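# Examining the three-dimensional arrangement
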Amino acid sequence: MTATKSRFGLDRQGMRHLGTQHWNQPIPVLYEHAIRRGEGELAFGGSFSVSTGLYTGRTPRDKYIVEEPGTKDTVWWGQINQPVDPERFASLHQRMLAYLQGRELFVQDLYAGADPAYRLPVRVITDSAWHSLFSRNMFIRPPTSELEGFEPAFTILHAPKFLAIPELDRINSDVFIFVNFAERLVLIGGTSYAGEIKKCVFTYLNYVLPARDVLPMHASANVGPKGDCAIFFGLSGTGKTTLSADNSRTLIGDDEHGWSPRGVFNFEGGCYAKVINLSPVAEPEIYATISRFGTVLENVVLDRQTRIADVDDQSLTENTRACYPIEFIPNADPQGRGPHPSNVVMLTADAFGVMPPIAKLTPEQAMYHFLSGYTARVAGTEKGLSNTPEATFSTCFGAPFMPRHPAVYAKMLGARIKEHGAQCWLVNTGWSGGTYGVGRRMPIAHTRALLRAALDGRLVGAPARQDANFGLMVPEGCPDVPSEVLDPRGTWSDKKAYDETARDLTRRFAANFAEFEPFVGREVKEVAIRPAL
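As the structure is a prediction and not an experimental result, all values here were calculated from the model. Per chain, residue numbering runs from 1 following the sequence as it is written. Per-residue local features of the predicted model are confined to residues with pLDDT of at least 70, and side-chain atom pairs are confined, for both listing and counting, to 80 or more; whole-chain, interface and lining totals are unaffected and use all residues. Computation of side-chain values: all heavy atoms of the structure, hydrogens and water removed.

## Let's talk about the packing of aromatic side chains
- Only rings of Phe, Tyr and Trp enter the pairing, Trp through its six-membered ring, and a pair is recorded when the two centres are within 6.5 Å. The plane angle decides the type: under 30 degrees is stacked, over 60 is edge-to-face, the rest tilted. By the definition in use, this model includes 29 aromatic pairs.
- Here Trp431 and Tyr436 contribute two aromatic rings whose centre-to-centre distance is 5.3 Å and whose plane-to-plane angle is 80 degrees, an arrangement assigned as edge-to-face.
- Partly exposed residues are those whose accessible area sits between 20% and 50% of the maximum for their type, while under 20% is buried and over 50% is exposed, using a 1.4 Å probe and protein chains only. Given the relative accessible area of 9%, Trp431 is considered buried.
- Between Phe470 and Phe509 the ring centres are 6.3 Å apart and the planes differ by 65 degrees, which places this aromatic pair in the edge-to-face class. Of this pair, Phe470 sits in the loop between strand 27 (464-466) and strand 28 (473-475) while Phe509 sits in helix 12 (residues 495-513); the two residues are 39 residues apart in sequence, bridging distant segments of the chain. By the criteria applied, helices consist of DSSP H or I runs no shorter than four residues and strands consist of E runs no shorter than two, each listed in order from the N terminus.

## Section: the pairing of strand 9 (residues 176-180)
- For strand 9, a buried count of five out of five residues is recorded, marking the element as mostly surrounded by other parts of the structure.
- Side chains of strand 9 alternate between two faces, with Phe176, Phe178 and Asn180 and Ile177 and Val179 buried alike.
- Pairing between strand 4 (residues 63-66) and strand 9: three bridges, direction parallel. When the sheet's bridge partners are listed, Ile65 is paired in strand 9 with Val179.
- Strands are labelled as partners when DSSP assigns at least two bridges between them. Note: strand 9 against strand 10 (residues 185-189), five bridges, orientation antiparallel. Counted as the bridge partner of Phe176 is Gly189 from strand 10.

## Here's the deal with empty space enclosed by the protein
- Each cavity reported here is a set of points on a 1 Å grid over the protein atoms alone in which a 1.4 Å probe fits but cannot get out, each pocket an open set with protein on both sides within 12 Å along at least five of seven lines, and each lining residue one with an atom within 4 Å of a point. Grid points are joined across faces, edges and corners, and a volume is the space filled by probe spheres set on the points. Inspection of every chain in the model, using the stated rule, returns three cavities of 30 Å³ or more.
- Volume-wise, the largest cavity comes out at about 50 Å³.
- Around the largest cavity, the lining residues are Thr348, Met355, His369, Gly373, Tyr374, Phe397, Leu426 and Phe509.
- Residues are grouped as follows: nonpolar covers Ala, Val, Leu, Ile, Met, Phe, Trp, Tyr, Cys and Pro; charged covers Asp, Glu, Lys and Arg; every other residue, Gly included, is treated as polar. Residue composition of the lining of the largest cavity, grouped by class: five nonpolar, three polar and no charged.
- Taken together, Arg58, Thr59, Pro60, Lys63, Glu196, Lys199, Pro400 and Phe401 make up the full set of residues lining the second largest cavity.
- In terms of residue class, the lining of the second largest cavity is made up of three nonpolar, one polar and four charged.

## Considerations on the sheet that holds strand 9
- Ordered by their spatial adjacency, eight strands build an open sheet running 1-6-7-8-10-9-4-5, and the pairing between neighbours is mixed. On the outer flanks of this sheet lie strand 1 (21-23) and strand 5 (82-84), each paired with one strand and no other. Here the strands of the sheet are splayed against their neighbours by 20 degrees on average, with no regard to which way each runs.
- Here strand 8 (residues 154-159) pairs with strand 10 via five bridges, running parallel. Bridged to Thr155 within strand 10 is Leu185.
- Residues are treated as being in contact if the distance between any of their heavy atoms lies within 4.5 Å. Axis definition: a line fitted to C-alpha atoms, over the contacting stretch in the case of helices. Angles run 0 to 180 degrees between N-to-C directions. Against the sheet, helix 3 (residues 129-138) touches strand 6 (105-112), strand 7 (120-126) and strand 8, its axis set at about 10 degrees to strand 6.

## A short note on the confidence of the model for the chain
- pLDDT is defined as a per-residue confidence score from the predictor, taking values between 0 and 100. For the chain, per-residue confidence averages 95 on the pLDDT scale, and 98% of positions sit at 70 or higher.
- Across residues 379-386, confidence stays below pLDDT 50; counting only partners more than four residues off in sequence or on other chains, it has 18 contacts.

## Some thoughts on the packing of helix 3 against helix 6 (residues 195-208)
- Interhelical geometry of helix 3 versus helix 6 gives an angle of 40 degrees and a closest axis separation of 10 Å. Our classification of the angle between helix 3 and helix 6 gives oblique. As helix 3 runs across helix 6, the sense of the crossing is right-handed. Together, His131, Phe134, Ser135 and Met138 of helix 3 and Gly195, Ile197 and Lys198 of helix 6 make up the contact between the two elements.
- Broken down by class, the residue content of the contact of helix 3 with helix 6 amounts to three nonpolar, three polar and one charged. Here is the rule for angles: anything less than 35 degrees is roughly parallel, anything more than 145 is roughly antiparallel, 65 through 115 is roughly perpendicular, and the remaining ranges are oblique. Working rule for handedness: look at the near helix, and if it is turned counterclockwise from the far one by less than a right angle, call the crossing left-handed; if clockwise, right-handed.

## Quick notes on the sheet that holds strand 16 (residues 270-274)
- Spatially, five strands are ordered 2-3-17-18-16 in an open sheet, and the strand pairing comes out mixed. Bordering the open sheet on either side are strand 2 (41-42) and strand 16, each of which pairs with just one other strand.
- Inspection of the sheet shows strand 2 paired to strand 3 (residues 48-50) by two bridges, in the antiparallel sense. Note that in strand 3 the partner of Glu41 across the bridge is Ser49.

## Looking at the packing of helix 9 (residues 363-372) against helix 10 (residues 406-420)
- Two elements in contact, helix 9 and helix 10, have axes separated by 9 Å at closest approach and are oriented at 150 degrees. With respect to helix 10, the axis of helix 9 lies roughly antiparallel. For the pair helix 9 and helix 10, the crossing hand works out as right-handed. Together, Pro363, Glu364, Ala366, Met367, Phe370 and Leu371 of helix 9 and Pro406, Ala407, Tyr409, Ala410, Lys411, Leu413, Gly414, Ile417 and Lys418 of helix 10 make up the contact between the two elements.
- The residue inventory of the contact of helix 9 with helix 10, partitioned by class, reads eleven nonpolar, one polar and three charged.

## Describing the nonpolar core
- Think of a nonpolar core as a cluster: buried Ala, Val, Leu, Ile, Met, Phe, Trp, Tyr and Cys residues, connected wherever their side-chain atoms sit within 4.5 Å. Counting residues in hydrophobic clusters, the biggest one holds 106 residues, and the most contacted among them are Phe233, Val344, Met346, Val354, Met355, Phe370 and Phe470.
- Sort the elements by how many residues they give to this core and helix 6 lands first, with seven residues.
- Excluding anything up to four places from it in sequence, Phe370 contacts Phe233, Met346, Thr395, Cys396, Phe397, Tyr409, Ala410 and Leu413.
- One finds Phe89, Leu92, Ala164 and Phe178 within the second-largest nonpolar core, a separate group that totals 24 residues.

## Description of the pattern of salt bridges
- Salt bridges are defined by distance alone: a side-chain nitrogen of Lys or Arg within 4 Å of a carboxyl oxygen of Asp or Glu. Per the counting criterion, the structure on display carries 32 salt bridges.
- Measuring nitrogen to oxygen at the nearest pair gives 3.3 Å for the salt bridge that ties Glu41 to Arg304. Of this pair, Glu41 sits in strand 2 while Arg304 sits in the loop between strand 17 (296-298) and strand 18 (321-325), and the two are 263 residues apart along the sequence.
- Taking relative accessible area as the criterion, Glu41 reaches 26% and is therefore assigned partly exposed.

Structure follows, in C-alpha cells:
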C-alpha cells in the first residue's frame, strides 16, 4: 500500500535502485510493517514496544558537523560541535546510498515548526518501519493535499544497522551522526535510538533560526486560562515535560520551541516523554499515553504474560521513553502556538540538595543561569554514575544541540525578556533535606504549588530573602507549601554539611562560568555566583 507520494522523488536526492518505497504511511499501516519485520511487539492497550539494543541514549561523541565556508566562522567548534570535512561526509554518504539499494524504505514528509512563517519541510528516509512511526508521531503531519507538492528543505537519511568504518572515516566509532548544513542533509547510522532523529532537526533549527530573529529553545511551553504563556527550560530529568503537562493550563509543546517576533511556537507535533517511575497520580496525562494505540514505547520493559508496561523497571536503561502525538494530551493546543511569555522558568534537579525550591530572577540572573544550564545527575538518573551527585552544566539547557556560540542565544533571550517584561524564575525539582541518598526528592505537589503561585502572580511581590550562597531572592512563604521547605539549609539536620556542600557548588558554578564571562556584559558578571572568600 502506498499513501500520497511527493513529486519530489528520492531519485532527485541521488537514490537509485531502491526496493519497495512506503510513502507517508499512517500509524496502523506502519504497525503492520513493523510487526511483519519483527521490529517490536504490541503492548497492553495497543502501544508499540521496541528495544534499541546497545544504544539506549544519544551518543554525543559520535555527532559531527561538516566544516565548510558557511559554517567555518559561525559554528561554535569544540568537543560538542566536532568538525568533519566535506570529503569524509561525501564518502560516507555514497556508501550509505549503496547500502540502501534494493532495500525496503519508509519515507515521511513532515513539518518542523507550528508557525507557517518559520516552518521547515523535513523528509525522514529510513529502512525501519518503527522509526518512520516515531518520526510521524514527533513532527507535524501535513494535510494530504500538501503531500504531492512537498519539497524537503532538510532531509534525514537513517540506516541504524549501517556502520561507519572508524579507521577509514577517521571518527570515534562505527556510530555516526553527520550534519551538513550546506547540503541540508543528515546521515545517521549505527544506532537505533530514535532521539537522534528528533535532535538532528532541533540542531538544524538552532542553527538557521537565529538569523531569522527567532530564539530556538530547549523548553516546554503552556498557556494559562487568562492567556498567559510560560516557558520551561530544563535538561532531562528536571520535570520539563511533567510540569508543562498541567491540566489547569493548555500545553503548547513539551520540549522544543521558537520565540519569534510573533510569539512562541512548537517545533514538533508530538512528545518524547521520559517515563521511568512515571506516576499515574502525579502525571496522569502522560501515564495514560503508555497504553494507547499509536504510542511508541522505547526500551520500556513489558510483563511477559500481560504485556503491561512496567515503568519502574530500568533494567534496559533509566532513559525509558514514550513517543506519542501531542493530541494524546487532553489539554494540548493543536495549533502549537502561544503569545509572548509572561513567565520564563528555568528548571534544575539539584541532587546536592542545597538550592532553594524556587527563586525569582532578574533578567541578568536569567541570562546567567541560561548560560550555566545547571542540573545534577546521580546513579538513579544515568547509568555509569555513582551515588555521589555529579554537577552538569549544559549551556542554554541544551549544549549538544546548539551549533552557534551560547552568547548568541543568551543575548536573544535577554533582549526578549526585557522587551516583553517576562518574570523569571529558577525552580529546583531536586533534593531537599540533604544530598542524594540522605534527603528526599522535592514532592511534585510542592513544585506545582510553587509554580502556580509564580505564574498567577502571587509570588511576584511576595516578601523574599536573599540566599546567602547563590544570591537568589527566595519567597518567604507560598500557599499550600510548608514554609520550612523554602529554606533549604533549614531542612538539613547537619547545618555544617549544608554549608560545605553549598560552598562547593558555588565553586563549580564559578569555574563553569569562566568560559562565558568574556562574552557577557557587566550587569551579568555582577550577578554571577561566586564562592565566599
